[in-house]
Amino acid sequence: GVFVHIDISDPEIGDDQEFISSLIGSIASSLRRIHAETALQQEKTLLRQALKATSHEKQKSEDLAHLNRELMDASTFGLCLLDDKNQVRIENAMSDELRQFLGIADKDFLKALDECGVPSALMLKDALATRSAKDIIWEQNGRSFHITVRPVRVNNWALLALWDITGELEEQNRILAF
């Protein structure tokens, strides 16, 4: 609150109630205007601070998204992120290449698995439908692939990791043959 003390030196003016009321009204109006201007300035300052914080958070978010994309692209594994409707949201080049080779290149992953018709496709479809962690070996055209399904709790998505294990299996067979 504000306290105002008025010391009127002329007694006749002090007896004039209209003048005193007008004076008090003017002072009160000025104080309200000053308060409103101060509050407006404070709100502008808070808004600027909020916008600055939001801008920093947006930049951090963009930097992290860029980092995630770089990590996916740098991976030697195929990485594929599916949304809750099993649509491919993001994948690296290796994932696209392996999915093309396996015949599951459609962005609608379940549709592609239905059209594929191999037993591994049914296991993969089941893992995606239940959003359960699963490791699947998919064999095609003399090559073997390891496909790992991991549920992503956020938004009920799923992460697939795909890689060619043909060389590893051939090496294990050579070792076992001795």
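A brief look at the structure comes next. (Residues numbered from 1 in each chain as written. Predicted model: local features only at pLDDT ≥ 70, side-chain atom pairs only at ≥ 80, totals over all residues. Heavy atoms only, no water.)

### Digging into the overall build of the protein
Phase 1 of the analysis: Of the regular secondary structure elements, the protein holds six helices and five strands.
Phase 2 of the analysis: Sequence-ordered secondary structure for the protein, helices as α and strands as β, is α-α-β-β-α-α-α-β-β-β-α.
Phase 3 of the analysis: Relative to a compact globule of 178 residues, whose C-alpha radius of gyration would be 16 Å, the protein shows 35 Å and is clearly more extended.
Phase 4 of the analysis: Taken along its principal axes, the extent of the C-alpha atoms in the protein is 120 × 30 × 25 Å.
Phase 5 of the analysis: Expressed as a percentage of the 178 residues in the protein, the buried residues total 25%.
Phase 6 of the analysis: Long-range contacts, defined here as pairs at least 24 residues apart, represent 31% of the contacts in the protein between residues at least 6 apart.
Phase 7 of the analysis: Total accessible area computed for the protein in this model is approximately 12,500 Å², and 56% of it derives from carbon and sulfur atoms.
Phase 8 of the analysis: Measuring between centres, the 20 positive side-chain charges of the protein sit 6 Å from its 29 negative side-chain charges. (Helix = DSSP H or I, 4+ residues; strand = E, 2+ residues; numbered from the N terminus. Rg over C-alpha atoms; globule rule 2.2 N^0.38 Å. Buried < 20%, exposed > 50% of the residue type's maximum accessible area, 1.4 Å probe, protein only. Contact = heavy atoms within 4.5 Å. Areas by Shrake-Rupley, 256 points an atom, 1.4 Å probe, with all protein chains shown as cover. Lys, Arg positive; Asp, Glu negative; His and termini not counted. Charge placed at Lys NZ, Arg CZ, Asp CG, Glu CD.)

### Observations regarding the state of the cysteines
Phase 1 of the analysis: Going through the model one piece at a time under the given rule, you end up with zero disulfides.
Phase 2 of the analysis: Cys-80 forms no disulfide, and the closest cysteine sulfur to it belongs to Cys-116, at a distance of 14 Å.
Phase 3 of the analysis: Given a relative accessible area of 22%, Cys-116 falls into the partly exposed group. (Disulfide = S-S within 2.5 Å.)

### Observations regarding the sheet that holds strand 1 (residues 78-82)
Phase 1 of the analysis: Pairing in this open sheet of five strands is antiparallel, and the strands run 2-1-5-4-3 from one edge to the other. Each end of this open sheet is capped by a strand with a single partner; those strands are strand 2 (88-91) and strand 3 (134-140). Between one strand and the next, the sheet's axes are offset by a mean angle of 25 degrees, whatever the strand orientation.
Phase 2 of the analysis: Here strand 1 runs beside strand 5 (residues 157-164); their pairing, made up of five bridges, is antiparallel. Of the residues in strand 5, the one forming a bridge with Gly-78 is Leu-162. (Pairing = 2+ DSSP bridges. Axes fitted to C-alpha atoms, helices over the stretch in contact; angles between N-to-C directions.)

### Quick word on the nonpolar core
Phase 1 of the analysis: Ranked by size, the top nonpolar core spans 21 residues in total, and within it Phe-109, Leu-113, Leu-124, Leu-128, Trp-138 and Leu-160 carry the most contacts.
Phase 2 of the analysis: Residue assignment for this core shows that the elements contributing at least two residues are strand 1, helix 3 (93-102), helix 4 (109-116), helix 5 (119-130), strand 3, strand 4 (143-152) and strand 5.
Phase 3 of the analysis: A total of four residues in this core trace back to one element, the largest contributor, which is helix 5.
Phase 4 of the analysis: Core analysis: the next-biggest nonpolar cluster, separate from the first, contains five residues, Met-72, Ala-161, Trp-163 and Ile-165 among them. (Core = buried A, V, L, I, M, F, W, Y, C linked by side-chain atoms within 4.5 Å.)

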